[in-house]
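For reference, the chains in residue letters:
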Amino acid sequence: MSSISTVHVQSPRLTDLVGKTPVCRIGEPFAPEGRAFWAKLEGTNPGGLKDRPALHIVQRARARGELAPGAMIVDSSSGTFGLGLALAGIVHGHPVTVVSDPGMEAIVHGMLAAYGTRIETVTEPHPVGGWQQARLDRVEELLRVHPEAYWARQYDNPDNVDAYAGLAHELITQVGRVDVLVCSVGTGGHSAGIIDVLRRFSPRTRLIGVDATGSTIFGQPARPRLMRGLGSSIRPRNVAYDAFDEVHWVAPHEAVWASRRLAATHYTTGGWSVGAVTVVAAWYARVLPPHTRIVAIFPDGPARYYTTVFDDAYCAAHDLLDRPPADEPDEIAHPGDAEVSRWTRCATVVSS
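Residues numbered from 1 in each chain as written. Predicted model: local features only at pLDDT ≥ 70, side-chain atom pairs only at ≥ 80, totals over all residues. Heavy atoms only, no water.

J.: Can you lay out the overall build of the protein chain for me, pointing to particular residues and giving the numbers?
T.: Helix and strand content of the protein chain: 10 helices and 12 strands. Over its C-alpha atoms the protein chain spans a radius of gyration of 20 Å, differing by no more than 12% from the 20 Å that the globule rule assigns to 352 residues. Along the first, second and third principal axes, the C-alpha set of the protein chain runs to 75 × 50 × 45 Å. Counting over 352 residues, the protein chain shows a buried share of 56%. Of the contacts made within the protein chain by residues no fewer than 6 positions apart, 70% connect residues no fewer than 24 positions apart. Accessible area for the protein chain stands at about 15200 Å²; split by element, carbon and sulfur atoms hold 52% of it. (Helix = DSSP H or I, 4+ residues; strand = E, 2+ residues; numbered from the N terminus. Rg over C-alpha atoms; globule rule 2.2 N^0.38 Å. Buried < 20%, exposed > 50% of the residue type's maximum accessible area, 1.4 Å probe, protein only. Contact = heavy atoms within 4.5 Å. Areas by Shrake-Rupley, 256 points an atom, 1.4 Å probe, with all protein chains shown as cover.)

J.: Residues and numbers for a nonpolar patch on the surface, please.
T.: On the surface, Leu14, Leu17, Ile90, Ile107, Met111, Tyr115 and Tyr306 cluster together into a nonpolar patch covering about 640 Å² of accessible area. Structurally, Ile90 can be placed in helix α2 (residues 80-92). Classification of Ile90 as partly exposed rests on a relative accessible area of 48%. (Patch = residues over 30% accessible without salt bridge, like charges linked within 9 Å, V, L, I, M, F, W, Y side chains within 5 Å. Salt bridge = Lys/Arg side-chain N within 4 Å of Asp/Glu carboxyl O.)

J.: Any details on the domain arrangement of the protein chain? Residues and values, ideally.
T.: What the domain assignment reports for the protein chain is domain 1 (14-45 + 158-346) and domain 2 (50-151). Computed over C-alpha atoms, the centres of domain 1 and domain 2 are 24 Å apart. At the junction of the two partners, domain 1 supplies 30 residues and domain 2 supplies 30 residues. Of the roughly 2200 Å² buried at the junction of domain 1 and domain 2 (both faces included), carbon and sulfur atoms supply 55%. Its largest share of buried area at the contact with domain 2, domain 1 owes to Asp159, Arg228 and Arg304, together 32% of the area lost on that side. We note a salt bridge from Arg52 to Glu42, for which the minimum N-O separation is 2.7 Å. If you look at where domain 1 meets domain 2, you find 11 residue pairs in polar contact (both at pLDDT 80 or more). (Domains from an automatic or database assignment. Buried area = accessible area lost by both parts, 1.4 Å probe. Polar contact = N/O pair within 3.5 Å; in protein donor to acceptor, adjacent residues only side chain to side chain.)

J.: Break down the sheet that holds strand β2 (residues 37-41) for me, with residues and values.
T.: A sheet is described by the order of its strands in space; here 8 strands give the open sequence β1-β2-β10-β7-β8-β9-β12-β11, paired in mixed fashion. Sheet topology places β1 (23-26) and β11 (330-331) at the edges, where each strand pairs with a single neighbour. Relative to strand β9 (residues 246-250), strand β8 (residues 206-212) runs parallel, the two being bridged by 5 bridges. Bridging across to β9, Ala212 finds its partner in Val250. (Pairing = 2+ DSSP bridges.)

J.: Give me the lowdown on unusual backbone geometry, citing residues and values where you can.
T.: With an omega of 5°, the peptide bond running from Glu28 to Pro29 counts as cis. Position of Pro29 relative to the elements: it lies in the loop between β1 and β2. In this model, Asp319 sits at a positive phi of 55°, which is unusual for a non-glycine residue. Summarising the element assignment, Asp319 is placed in the loop between α10 (312-317) and β11. Since its relative accessible area comes to 47%, Asp319 is described here as partly exposed. Phi is positive for Asp322, which is not a glycine, with a value near 55°. Along the polypeptide, Asp322 turns up in the loop between α10 and β11. Among the residues examined, Asp322 registers a relative accessible area of 75% and is labelled exposed.

J.: Describe helix α9 (residues 272-287), with residues and values.
T.: The end-to-end C-alpha separation of α9 is 23 Å, in line with the 22 Å expected for 16 residues at 1.5 Å each. Of all the 16 residues making up α9, 14 are buried; the element is thus mostly covered by neighbouring parts of the structure. (Expected span 1.5 Å × (residues − 1).)

J.: Account for the nonpolar core, naming residues and giving values.
T.: Counting residues in each nonpolar core, the largest one holds 40 residues, and the members touching the most others are Phe37, Val182, Val210, Trp272, Val280, Ile294 and Phe298. Listed by contribution, the elements that provide at least two residues to this core are β1, β2, β7 (180-184), β8, α8 (252-266), α9, β10 (294-298) and α10. For this core, the element with the highest residue contribution is α9, accounting for 11 residues. In this view, Ile294 contacts Phe37, Trp38, Val180, Val182, Ala281, Tyr284, Ala285 and Leu288; residues no more than four positions away in its chain are not counted. (Core = buried A, V, L, I, M, F, W, Y, C linked by side-chain atoms within 4.5 Å.)

J.: Describe in detail helix α7 (residues 189-201), supporting the description with residues and values.
T.: Residues of α7 that are buried: Gly189, His190, Ser191, Ala192, Gly193, Ile194, Ile195, Val197 and Leu198. Here the buried face of α7 lies against α5 (158-162), α6 (165-175), β7, β8 and β10.

Following this line, the structure appears as structure tokens:
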């Protein structure tokens, strides 16, 4: 009589679900036959790219004694970092309050509530700093009422940057040498953290920033923006300006075209940031020598964008449909030379 042995498998922790994300080769029609770029699929984390910094920030704050057991965590977020904080709060036993604005997608709002997160929604943008500054002002009000709370400060907390060392090491294992790294820029955390590690292994790795039209991060005037997850109306201190080789601005209709084209040809896709970095990474795959190894960070997947990027009525109302980017970007010598409204490239990177 045969016996069946039992294999005892240790139950994974929630934190084990974050990281070790796959890469995907993105080729035709974004690049000619034989050329491609690699996409790092951070959407396979439970909440997206910012699960990494949210967990790391909370762990470091607890270790330093800045976050007391059971104390509230609070921060401003348009969505992805809030999802990461919700995860960190569940893992470590902290209530979480996220301050957002009316642009937060309904699915994100609903999921944050389901995860037990309290959501504060500001109703008016700051006259200069837009929604980001209005949210930060509300965070400061909450901290006066709850002085024991911990402010995660994703825009200027160096732990945000340090959290991405693991992602960089994953890339080195998965693709080896990285010649060009293409990152969307919002808080500046993942671009700064990844390039710092990559350049220890390959000092000549070029860093390309992808910003939204209407964002002030790289010296353009702040304007109302449709795109969320990249761009800002303030200048986050985590942006490593000296590390960038150049910056590209991408418009909403260009990002929509790329995200939808990715879905139709690669199944792998995402929202505003994914579309924007695809526009830029695909151009480098077309114009740089064939052996150049290009990596783009895809911060999330498509789920939260079903009412925007992948909604025909929304896109039609904002004139975003069937408007692919040009074959080449416009170019300006300095961010102050012109206000851009479509895909534009600049080799001068400024912090003010």
